[in-house]
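Report on the structure
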Amino acid sequence: MTARPLALQEAVLGYPLEDLARRSRSGGSGTRVPGAGQGGLQSRSFRAFAGNAQRAPQSVVKRIRAGGCHSKEELTRQLNYITREDAAHATWTNFAGVDRELRSTTLARAVEDWSSAWRGAPRRGHTDHIILSFPKGTGIDAAETVAREWGQAIFASGDYGDQWRYVAAVHRDPDHIHAHFVVDKVGCDWGNFLSISMKSELNYDVMRERHAEIARAHGLEMVASNRLSRGIIENPPRETEYRAAHDRTGRGDLVPAPSMSEAERARRRAVVTDFARQYAGLGQLASLSGAGNAFMQTLSQAFFASAQTLEEGGSLMSEADTLTPPPLENGSFDAIAAMAVARDQMLSEARQTWDSIQSMDAGPERVRMEAEFSRTSAELIAATQADPFFQDHATIAHAGDDLFAHLTPTSLQHVREGLELDDPSVRQIDSALDDMRDALTVVFSSETDLMAQMSTTAEELAEYLLQGEHSVAQAEAWRGRAEALDEDAAARLTDMLEEGHRVIEGVTVPRDLAEELALDQLLTVDKHHPLADVPAIEALVNRMTGELSNEALGQVLEGDSTPLQGEIRDPAVRAAIAAELKTEADLVVGQGARRREAVEAYQAMARTHQAELAAEHSTEHGADLEDGHEL
């Protein structure tokens with residue numbers, strides 16, 4: 001297994017703890033932190049492995065087989081079943097992103113409202129029935145809190161292509177605390193049909209990870225790992241079979257596993273063996289990176305023990321135990337107290353880490369470490385209950401408060417992060433950034449005196465400009481340095497940064513990336529940002545002015561953007577360029593001062609187009625996973 005020593009610290013605490021410089025020295029180029037492209041997935045995997053080794057309970061999210069409703073009558077029966085008083089502790093519904101308690105007339109109204117928008121006869125029905133399970137011993141009120149937040153995050157936030165209405169209920173089964181979500185598949189905002197599949201933006205990995213994340217924020221220890229990483233080869237029983245067995249005997253865990261072919265069993269055993277090697281590798285790394293750290297040494301032993309268990313054909317947790325948290329020494333389990341201790345330790349170590357970064361020698365390496373710290377802080381906001389320290393490091397500063405903010409490098413970084421590492425555009429972006437870096441370093445090197453006063457170097461300042469955007473904490477630190485300068489030095493700094501911005505704008509961005517940068521900038525800036533001040537839009541306006549014939553330009557100025565369609569694919573970017581070409585023409589003929597049109601209308605157009613593309617993709621590629629499948 002290949003892994004960074006740092007990854008172990010991320011696995012347990014979620015942020016770098018020691019020797020951060022090793023990460024940037026390990027390779028890579030430009031402002032990109034090596035491994036950042038897959039860092040999110042890697043760090044989630046390592047956290048899951050650490051949770052498995054410590055026998056943390058698992059998130060379980062299941063979809064009821066054949067739980068989709070095809071008619072008003074089926075929906076009525078299902079909603080009445082999940083909200084029945086003898087089982088439900090709490091019931092609620094969500095519409096337009098707002099939770100509302102159920103009343104006597106609510107269910108009937110929901111049935112009518114939902115069914116009125118149904119069209120066709122989808123094979124799996126017009127609704128989905130999702131069950132969210134909680135570890136044994138979870139308080140019913142805590143389960144309700146987590147379930148409400150989870151429902152909002154998954155179905156009502158708009159983060160996954162639309163908002164979907166649902167009716168939810170938490171059931172007070174003491175052996176199996178769980179929440180039911182019956183979800184209308186017709187989206188409220190865009191009419192996008194809910195698709196839960198590995199090819200969709202919303203899938204079981206996402207749902208389980210959000211469940212674990214929200215639960216941990218409320219003091220419920222939970223991780224989201226797949227069954228094979230725990231050594232569990234058998235498929236889980238269907239939820240309906242579990243419930244039926246539980247109702248008959250009180251022991252749903254006694255339901256036999258579905259049958260499996262010997263070939264499939266052998267394949268899964270090979271995967272488990274590979275996981276065993278990964279646990280052994282993590283144990284070795286923990287023993288090295290945790291020298292003198294009692295906790296890391298204990299974790300190392302847990303990793304080695306997990307590897308041995310899997311190699312011998314055992315499982316880290318039996319199927320029944322995946323929902324049961326490990327007890328403390330006195331036989332009890334106080335998840336909230338454990339979370340408070342971990343949170344305090346996290347904050348203490350994080351502050352030490354930030355101080356260590358600030359004490360590094362000035363240079364590009366320090367800039368990259370600050371950027372990595374900001375990215376990791378963004379992942380910890382929920383876990384730390386939005387602690388102000390992490391909030392300042394996770395929040396992007398407003399451009400007006402950031403000395404180094406510039407849209408062009410910001411967009412280059414955004415576009416690069418969305419590409420696979422072998423995409424040819426990555427090399428194009430890196431080349432553009434390298435050209436900017438070299439030119440900026442030359443400009444800043446002429447101000448050695450100013451660099452010394454600000455305890456920085458030309459190379460470090462160049463790296464800051466190339467990041468494009470920075471956290472509130474970064475912006476405040478540099479604003480403090482600037483305010484400490486005398487009047488003459490402050491003026492020189494202003495002139496130097498203005499020259500730096502001119503250097504960035506002078507570097508030619510490859511033609512096939514220009515439209516992506518323009519779209520990113522339209523969506524990134526505040527809605528009141530002047531369209532004329534969006535660099536990528538202005539660059540395309542200049543390019544079209546030089547490349548279109550006089551006849552084609554005349555068509556555009558008359559309101560016919562047909563000549564632009566072969567040049568600019570995105571309708572929002574195309575409309576923005578047409579508007580700016582018209583404005584430029586008005587200026588040439590002296591028709592008044594330049595209008596300061598805002599980007600707001602073009603942002604709305606861009607988001608609408610993106611939603612349409614997402615809907616098309618979902619229709620073409622969104623094959624549902626097998627009902628009831630738990631990863």
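Structural data are supplied above this passage.
Since the model is a prediction, treat every value here as computed from it, not as a measurement.

The contact between helix α14 (residues 407-417) and helix α20 (residues 511-524) brings their axes to 9 Å, and the two run at 105°. By the angle class used here, α14 and α20 are roughly perpendicular. On the side of α14, the interface is formed by L407, T408, S411, L412, H414 and V415, while α20 contributes L513, E516, L517, D520, Q521 and T524. For the contact of α14 with α20, the residue count by class is 5 nonpolar, 5 polar and 2 charged.

Packing of α14 against helix α17 (residues 458-467) leaves a shortest axis separation of 6 Å and a crossing angle of 70°. Compared by their axis directions, α14 and α17 come out roughly perpendicular. In this structure, α14 uses P409, T410 and Q413 to contact α17, whose residues at the interface are L465, L466 and Q467. Within the contact of α14 with α17, the residues separate by chemical class into 3 nonpolar, 3 polar and no charged.

Taken in spatial order, the 6 strands of this open sheet run β1-β4-β6-β5-β2-β3, and their pairing is antiparallel. Each edge of the sheet is formed by a strand with only one pairing partner; in this case those strands are β1 (60-63) and β3 (98-101). Averaged over all pairs of adjacent strands, the angle between strand axes in this sheet comes to 25°, irrespective of strand direction. Pairing analysis gives 6 bridges linking strand β5 (residues 166-171) to strand β6 (residues 178-184), with the strands arranged antiparallel. Paired with A169 across the two strands is H180, which belongs to β6.

Turning our eyes to something else, we now look at the packing of aromatic side chains. If you walk through the whole model with that rule in mind, you get 11 aromatic pairs. In this structure an aromatic cluster arises from ring pairing among W92, W150, F155, Y166 and F181. When the ring centre of W92 is taken as origin, the NZ or CZ atom of R148, which lies over that ring, is 4.3 Å away.

Turning to the nonpolar core, a few remarks are in order. Residues F444, I537, V573 and I577 are the most contacted members of the largest nonpolar core, which totals 63 residues. Not counting chain neighbours up to four residues away, the residues in contact with F444 comprise M451, A458, L461, A462, L465, M496 and G500. Counting residues in each nonpolar core, the second largest holds 35 residues, with V61, W92, L194 and L202 among its members.

The volume enclosed by the second largest pocket comes to roughly 1,100 Å³. Where the lining of the second largest pocket is concerned, the elements lending two or more residues are α14, α19 (487-506), α20 and α21 (535-547). For the lining of the second largest pocket, the leading source of residues is α21, giving 7 residues. A breakdown of the residues in the lining of the second largest pocket according to their chemical character gives 16 nonpolar, 13 polar and 9 charged.

For the structure shown, the criterion picks out 21 salt bridges. The partner of D99 in a salt bridge is R148, and the shortest N-O contact between them spans 3.9 Å. Taken together, the residues D99 in strand β3 and R148 in helix α6 (residues 140-156) connect sequence positions 49 residues apart. R148 gets classed as buried once you look at its relative accessible area, which sits at 16%. With its nearest N and O atoms 2.8 Å apart, the salt bridge here joins E264 to R267. Pair noted here: E264 and R267 are both in helix α9 (residues 262-289), with a separation of 3 residues, about one helical turn. Here E264 falls in the partly exposed class, since its relative accessible area comes to 23%. Overall, R267 belongs to the partly exposed group, its relative accessible area being 44%. Here the salt bridges share partners, and the residues they tie into one network are D99, E101, E144 and R148.

Looking at the secondary structure, you find H406 in the loop between α13 (388-394) and α14. Classification of H406 by relative accessible area gives buried; the value is 8%. For H406, the side chain forms a polar contact with the main-chain nitrogen of T408, separated by 3.1 Å. Not counting the four nearest positions on each side in its chain, H406 is found in contact with G468, H501, I504, E505 and P535.

Here the focus is unusual backbone geometry. The phi torsion at S455 lies on the positive side, around 55°, for a residue other than glycine. Its location among the elements puts S455 in the loop between α16 (448-453) and α17.

With that out of the way, let us pick up empty space enclosed by the protein. What the rule picks out here adds up to 1 cavity of 30 Å³ or more. Considering only enclosed or pocket space, the largest cavity measures out at about 50 Å³ in volume. Lining of the largest cavity is provided by W354, Q358, R366, E370, E460, Y464, A473, Q474, A477, W478 and R481. For the lining of the largest cavity, the secondary-structure elements that each account for two or more residues are α11 (335-358), α12 (364-380), α17 and α18 (472-483). Top element by residues in the lining of the largest cavity is α18. It accounts for 5 residues. For the lining of the largest cavity, the class distribution of residues is 5 nonpolar, 2 polar and 4 charged.

Mapped onto the fold, H180 is located in strand β6. Of the residues examined, H180 reaches a relative accessible area of 5% and is grouped as buried. A distance of 2.8 Å separates the side chain of H180 from the side chain of H129, its partner in a polar contact.

Bringing helix α5 (residues 106-116) into the picture now. Spacing of three or four residues puts side chains on the same side of an α-helix, whose turn is 3.6 residues. Within the span of α5, buried status applies to T106, L107, A110, V111, W114 and S115. When α5 is viewed along its axis, its buried side chains cluster within an angular range of 145° and face the same direction. The elements touched by buried residues of α5 are α4 (72-82), β2 (88-95), β3, β4 (127-133), β5 and β6.

Once that is clear, we can look at the pairing of β2. In regular strands, side chains alternate between the two faces of the sheet. Burial analysis of β2 places 6 of its 8 residues in the buried class, which makes it a mostly covered element. Strand direction decides the pairing type here: β2 and β5, joined by 6 bridges, are antiparallel. When the sheet's bridge partners are listed, W92 is paired in β5 with A168. Bridging between β2 and β3 involves 4 bridges; their strand directions are antiparallel. Opposite N94, over in β3, you have D99 as the bridge partner.

It is worth spelling out the environment of S133 at this point. Take S133: it is sitting in strand β4. S133 sits in the buried class, given a relative accessible area of 3%. The sequence separation of S133 and S59 amounts to 74 residues, and the corresponding C-alpha distance is 7.0 Å.

Rules behind the numbers
- Residues numbered from 1 in each chain as written.
- Predicted model: local features only at pLDDT ≥ 70, side-chain atom pairs only at ≥ 80, totals over all residues.
- Heavy atoms only, no water.
- Axes fitted to C-alpha atoms, helices over the stretch in contact; angles between N-to-C directions.
- Helix = DSSP H or I, 4+ residues; strand = E, 2+ residues; numbered from the N terminus.
- Parallel < 35°, antiparallel > 145°, perpendicular 65-115°, else oblique.
- Contact = heavy atoms within 4.5 Å.
- Nonpolar A, V, L, I, M, F, W, Y, C, P; charged D, E, K, R; others polar.
- Pairing = 2+ DSSP bridges.
- Phe/Tyr/Trp six-rings, centres within 6.5 Å; stacked < 30°, edge-to-face > 60°.
- Lys NZ or Arg CZ within 6 Å of the ring centre and 35° of its normal.
- Core = buried A, V, L, I, M, F, W, Y, C linked by side-chain atoms within 4.5 Å.
- Buried < 20%, exposed > 50% of the residue type's maximum accessible area, 1.4 Å probe, protein only.
- 1 Å grid on protein atoms, 1.4 Å probe; cavity = no way out; pocket = protein on both sides within 12 Å on 5 of 7 lines; lining within 4 Å.
- Points joined across faces, edges and corners; volume = space filled by probe spheres on them.
- Salt bridge = Lys/Arg side-chain N within 4 Å of Asp/Glu carboxyl O.
- Polar contact = N/O pair within 3.5 Å; in protein donor to acceptor, adjacent residues only side chain to side chain.
- Arc of directions from axis to C-beta.

Don't take any of this as a statement about function, it's just geometry.
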